[in-house]
Amino acid sequence: LDEIDIIEIGVIKELRRRGVAYKLVSHLQKHCIKNGIQKIFLCVAENNTAAISLYEKTGFNKIGIRRNYYFRNGFSSDSYEYSWKVKS
């Protein structure tokens, strides 16, 4: 395989804002480079600003939008699609 999808990533509340998620994503990127995986894909809710900031900080690029993808508590929200590619 030369690409993977992140389905879900999370950090328990007590450890948030300490760089744990950044380390997880960075470790995954290094694993991909080491193992010949060229791309990572993921989706994130448009209102999840912390996750969006994390992904953009770690080099992900927004590649699309899925309209009304999430539905929670009676409200729908869009999903942003992101990708990361190994630099050649």
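Everything quoted here is computed from the prediction, not taken from an experiment. Residue positions are given per chain, counted from 1 along the sequence in the order it is written. Local features in a predicted model are, by the rule used here, given only for residues with pLDDT of at least 70; side-chain atom pairs are given and counted only at 80 or more, and totals for whole chains, interfaces and linings are based on all residues. Hydrogens are left out, water is left out, and the side-chain values use all remaining heavy atoms of the structure.

Undergrad: Quick question: what am I supposed to make of the side chain of Q29 here?
TA: A run of DSSP states H or I qualifies as a helix once it reaches four residues; a run of E qualifies as a strand once it reaches two. Both are numbered from the N-terminal end. Considering the arrangement of structural elements, one finds Q29 in helix α1 (residues 20-34). Using a 1.4 Å probe on the protein chains alone, a residue whose accessible area is under 20% of its type maximum counts as buried, one over 50% counts as exposed, and one in between counts as partly exposed. According to the relative accessible area criterion, Q29 is buried, its value standing at 9%. Only heavy atoms enter the contact rule, under which two residues are in contact if any of them lie within 4.5 Å. Apart from the residues within four sequence positions on either side, Q29 is in contact with I40, T58, F60 and W84.

Undergrad: Explain the pairing of strand β3 (residues 61-72) to me, please; I cannot follow it from the model alone.
TA: Side-chain direction in a regular strand flips from residue to residue, so the side chains alternate between the two faces of the sheet. As defined by bridge partners, β3 adjoins strand β4 (residues 75-85) across 8 bridges and the pair is classed as antiparallel. The residue of β4 that forms the bridge with R66 is S79. Counting the residues in the hairpin turn of β3 and β4 gives 2 residues, including N73, whose phi is positive at 50°. Strand pairing is assigned whenever DSSP detects at least two bridges linking the two strands.

Undergrad: Please clarify how the environment of T49 should be interpreted in this entry.
TA: Topologically, T49 is positioned in helix α2 (residues 49-57). Taking the C-alpha atoms as reference, T49 lies 17 Å from I63; in sequence the two are 14 residues apart.

Undergrad: Looking at this structure, I do not really get the state of the cysteines. What am I missing?
TA: Among covalent bonds in proteins, the disulfide is the one between the sulfur atoms of two cysteines. We call a pair of cysteine sulfur atoms a disulfide whenever their separation is within 2.5 Å. The tally for this structure, following the rule as stated, stands at 0 disulfides. With no disulfide of its own, C32 lies 16 Å from the sulfur of C43, the closest cysteine sulfur. C32 gets classed as buried once you look at its relative accessible area, which sits at 1%.

Undergrad: Where do I start with the packing of α1 against α2 in this structure?
TA: A pair of packed helices can be characterised by two numbers: the angle between their axes and the separation between those axes. Packing of α1 against α2 brings their axes to within 10 Å, and their N-to-C directions diverge by 40°. Viewed along their axes, α1 and α2 adopt a mutual orientation that is oblique. Handedness of the crossing formed by α1 with α2: right-handed. For the pair α1 and α2, the contacting residues are A21, Y22 and V25 in the first and L54, Y55 and K57 in the second. In the contact of α1 with α2, the residues fall into 5 nonpolar, no polar and 1 charged. Comment: axis = line fitted to C-alpha atoms, over the contacting stretch for helices; angle = value between 0 and 180 degrees taken between N-to-C directions. Here roughly perpendicular refers to angles of 65 to 115 degrees, roughly parallel to angles under 35, roughly antiparallel to angles over 145, and oblique to all remaining angles. By definition, any crossing whose near helix is turned counterclockwise from its far helix by less than a right angle is left-handed, and any crossing with a clockwise turn is right-handed. Charged residues are taken to be Asp, Glu, Lys and Arg, nonpolar residues to be Ala, Val, Leu, Ile, Met, Phe, Trp, Tyr, Cys and Pro, and polar residues to be all remaining types, Gly included.

Undergrad: How should I be thinking about unusual backbone geometry in this particular structure?
TA: One non-glycine residue, N68, adopts positive backbone phi at about 50°. Mapped onto the secondary structure, N68 falls in strand β3. Using a relative accessible area of 52% as the deciding quantity, one classes N68 as exposed. The phi dihedral of N73 is positive, around 50°, even though this residue is not glycine. Judged by relative accessible area, which is 77%, N73 ranks as exposed.

Function cannot be read off these values alone, since they describe shape.
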